[in-house]
Amino acid sequence: MDAPLLKSICANAQFQGQKLEPRVVSVDAVESANTKRRRLEQLFGALIAERYQNSTLNFTAVCDHAKSELRVDWTNKAAGPAFCAALKRFCTGCLTIILDGNGLTNLSLFTQVARECPTVVNLSLANNKIKEWTQFEALRNLRLRGLVILGNPIAELAPETCEEEAKAYFPMLETLD
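By convention here, each chain's residues receive numbers from 1 onward along its written sequence. The predicted nature of this model means local features are confined to residues of pLDDT at least 70 and side-chain atom pairs, given and counted, to a pLDDT of 80 or more, with totals for whole chains, interfaces and linings taken over all residues. Heavy atoms throughout the structure, all of them, feed into the side-chain values; hydrogens and water do not.

Chemist: Which residues make up the environment of Leu87, and what are the values?
Modeler: Inspection of the secondary structure assignment puts Leu87 in helix α3 (residues 79-90). Sequence separation of Leu87 and Val113 is 26 residues, and the distance between their C-alpha atoms is 7.7 Å. Note on contacts: a residue pair qualifies if any of its non-hydrogen atoms lie within 4.5 Å across the two residues. Other than its neighbours up to four places away in sequence, Leu87 contacts Ile48, Leu57, Thr92, Ile97, Val113 and Cys117. Here a strand is any run of E in DSSP of at least two residues, a helix any run of H or I of at least four, and the numbering for each starts at the N terminus.

Laid out in structure tokens, this is it:
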């Protein structure tokens, strides 16, 4: 569609009585987003190749990784989906994921873990910044038998409360540290 025709169509466009301003998204912006997503997936692939062995993925402190190119910014909303895509691709049969010391506050980034890597039964989130048990809703579909939460604000609750909350999300849980 040529630009003058598009401007003509958009000039009279309205939504709920409000005039809509024409907005063009450049192909460069879309390519850039796709390039960034692929780059992030490559980053996770490189980290996984370096840190996956014996059915265990050790992502301890990857936000402070010594190689600046391989540092993970978990506040980036694309990080979780890219991590999950890389799990599916590179971690077939992964039983344990260790995400200790990454400053995590929001677990919703990891909602796809159960679908992409359903074999995970142990998860360590020690020394992060998780304050609420509701964060574990994102991981509810994992069939966890082991969960480590030491060093998080939620671990400061009474042990009985922690166990009760953890079992509500993960009924098969055997070990909680």
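Chemist: Tell me what's going on with the pattern of salt bridges, and back it up with residues and numbers.
Modeler: Pairing is possible between side chains of opposite charge, provided their charged atoms come close. Any carboxyl oxygen of Asp or Glu within 4 Å of a side-chain nitrogen of Lys or Arg constitutes a salt bridge here. Considering all chains together, one arrives at four salt bridges under this definition. Salt-bridge contacts for Arg51 lead to Glu50; the nearest nitrogen and oxygen are separated by 3.9 Å. Glu116 is paired through a salt bridge with Lys88; the nearest N and O atoms lie 3.7 Å apart. Of the two residues, Glu116 is situated in helix α4 (residues 113-116) and Lys88 in helix α3; the sequence distance between them amounts to 28 residues.

Chemist: Break down the packing of aromatic side chains for me, with residues and values.
Modeler: Pairs were defined over the aromatic rings of Phe, Tyr and Trp, the Trp ring being its six-membered one, requiring ring centres within 6.5 Å. Orientation was assigned from the angle between planes: stacked under 30 degrees, edge-to-face over 60, tilted for the rest. The final tally for this structure, using the stated rule, is seven aromatic pairs. Ring plane angle 85° and centroid distance 5.6 Å describe the contact between Phe83 and Phe110, whose orientation is recorded as edge-to-face. Taken together, the residues Phe83 in helix α3 and Phe110 in the loop between β5 (96-98) and α4 connect sequence positions 27 residues apart. Note on accessibility: Phe83 and Phe110 belong to one class, buried. Three or more aromatic residues joined by ring pairs make a cluster, and in this case those are Phe44, Phe59, Phe83 and Phe110. Each residue is placed in one exposure class: buried if its accessible area under a 1.4 Å probe, protein chains only, is under 20% of its type's maximum, exposed if it is over 50%, and partly exposed if it falls in between.

Chemist: Describe in detail the environment of Thr175, supporting the description with residues and values.
Modeler: With respect to the helices and strands, Thr175 occurs in strand β8 (residues 175-176). For Thr175 and Leu147, which are 28 residues apart along the polypeptide, the C-alpha to C-alpha distance reads 6.3 Å. Aside from chain neighbours lying at most four places away, what touches Thr175 is Arg145, Gly146 and Leu147.

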